[in-house]
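# Remarks on the overall topology
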Amino acid sequence: MKRALYPGTFDPITNGHLDIIDRSARIFDEVIVTVAVNSSKQTLFTDEERVDLIEQSIREVLPDSSNIRVEKVEGLLVDFARKVGAVTVLRGLRTLGDFEYEMQMALMNRRLYGELSTFFVAADERYIHLNSSIVRELARYGATLPDLVPDCVARALREKMGRD
Ligand code: ADP
């Protein structure tokens, strides 16, 4: 079984992430979206909320994708990969700015677990400039977010910002 991991913080999930998930689920037998929990990063949404929003978004936007699951990962991704028998990590690449950090992570993961290969998926041009922090910033100022996040995420952001 070709199983791939798609790791991230997803604070919150955006249409850019969902595009990568959709493309990958057409190629791999199973895609596990792994949500980094209890990491040192301060997040707007709690671990549970981020997982819930990913699951809701997948139901909303990719209803036919029965080969996608969502898991929390605490600790190193390589340990999780070994545990579930995955040898592929997927990462989205937007701009050159992503490249250096992504390459560093990919090489470090491979050093820790030689079997593990990172595949880079080119972002859709509509989402090149989209990331979770821009989405949080827009929501903070009450901007509407059509085409950037699924409806369930837009709703959750409004609630979080006390605008509902
Ligand atoms: P991390 O904290 O691990 O970078 P993110 O949730 O920010 O977590 O991103 C997870 C993955 O999704 C990364 O590979 C990132 O490059 C990719 N990604 C983020 N935004 C987009 C986007 N708009 N289009 C494609 N890939 C994206």
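Our subject is the structure that appears above.
The notes below deal with the structure included here. Since we're looking at a predicted model, the values are computed, not measured. (Residues numbered from 1 in each chain as written. Predicted model: local features only at pLDDT ≥ 70, side-chain atom pairs only at ≥ 80, totals over all residues. Heavy atoms only, no water.)

### Some words on the packing of helix α2 (residues 47–61) against helix α6 (residues 151–160)
Helix-helix packing is characterised by the crossing angle of the two axes and by the distance between the axes. Close contact between α2 and α6 brings their axes to 8 Å; oriented N to C, the two are set at 145°. Listed contacts from α6 to Glu 49, Leu 53, Gln 56, Ser 57 and Glu 60 of α2 are Asp 151, Cys 152, Val 153, Ala 156 and Lys 160. Per-class residue counts for the contact of α2 with α6 are four nonpolar, two polar and four charged. (Axes fitted to C-alpha atoms, helices over the stretch in contact; angles between N-to-C directions. Helix = DSSP H or I, 4+ residues; strand = E, 2+ residues; numbered from the N terminus. Contact = heavy atoms within 4.5 Å. Nonpolar A, V, L, I, M, F, W, Y, C, P; charged D, E, K, R; others polar.)

### Notes on the packing of aromatic side chains
For the coordinates displayed, the defined rule picks out two aromatic pairs. Residues Phe 28 and Phe 119 carry aromatic rings whose centres are separated by 6.1 Å and whose planes lie at 65° to one another, so their mutual orientation is edge-to-face. With Phe 28 in the loop between α1 (15–25) and β2 (30–36) and Phe 119 in strand β5 (residues 117–122), this residue pair connects regions lying 91 residues apart in the sequence. You can call Phe 28 buried: its relative accessible area is 11%. Relative accessible area serves as the criterion here: at 42%, Phe 119 is assigned to the partly exposed category. The ring of Tyr 113 carries the charged tip of Arg 82 above its face, separated from the ring centre by 4.5 Å. (Phe/Tyr/Trp six-rings, centres within 6.5 Å; stacked < 30°, edge-to-face > 60°. Buried < 20%, exposed > 50% of the residue type's maximum accessible area, 1.4 Å probe, protein only. Lys NZ or Arg CZ within 6 Å of the ring centre and 35° of its normal.)

### With respect to helix α4 (residues 96–112)
The first and last C-alpha atoms of α4 sit 25 Å apart over 17 residues, in line with the 24 Å expected at 1.5 Å per residue. Every buried residue of α4 is accounted for by Asp 98, Glu 102, Ala 106 and Asn 109. (Expected span 1.5 Å × (residues − 1).)

### Some details on the site of the ligand
In the vicinity of the ligand lie 16 residues, with Tyr 6, Thr 9, Lys 41, Gly 92 and Tyr 127 positioned nearest. Within the side chain of Lys 41, a nitrogen or oxygen atom sits 2.5 Å from an oxygen atom of the ligand. The cavity that encloses the ligand is the largest pocket. For the shell around the ligand, the secondary structure elements donating two or more residues are β1 (3–8), α1 and β4 (88–93). Among the residues forming the shell around the ligand, the class breakdown is seven nonpolar, five polar and four charged. (Near = heavy atom within 4 Å. Polar contact = N/O pair within 3.5 Å; in protein donor to acceptor, adjacent residues only side chain to side chain. 1 Å grid on protein atoms, 1.4 Å probe; cavity = no way out; pocket = protein on both sides within 12 Å on 5 of 7 lines; lining within 4 Å. Sits in = over half its atoms within 2 Å of the grid points.)

### What to know about the sheet that holds β4
If you trace the five strands from one edge of the open sheet to the other, you get β3-β2-β1-β4-β5, paired in parallel fashion. Looking along the sheet, the strands with just one partner apiece sit at the ends: β3 (68–73) and β5. Pairwise comparison of adjacent strand axes, ignoring direction, gives a mean angle of 30° for this sheet. Across six bridges, β1 lies against β2 in parallel orientation. Counted as the bridge partner of Ala 4 is Val 31 from β2. Running over the sheet, α2 touches β2 and β3 and is turned about 175° from β3. In the packing of helix α3 (residues 77–84) onto the sheet, contacts are made with β1, β2, β3 and β4, and the angle to β1 comes to roughly 155°. (Pairing = 2+ DSSP bridges.)

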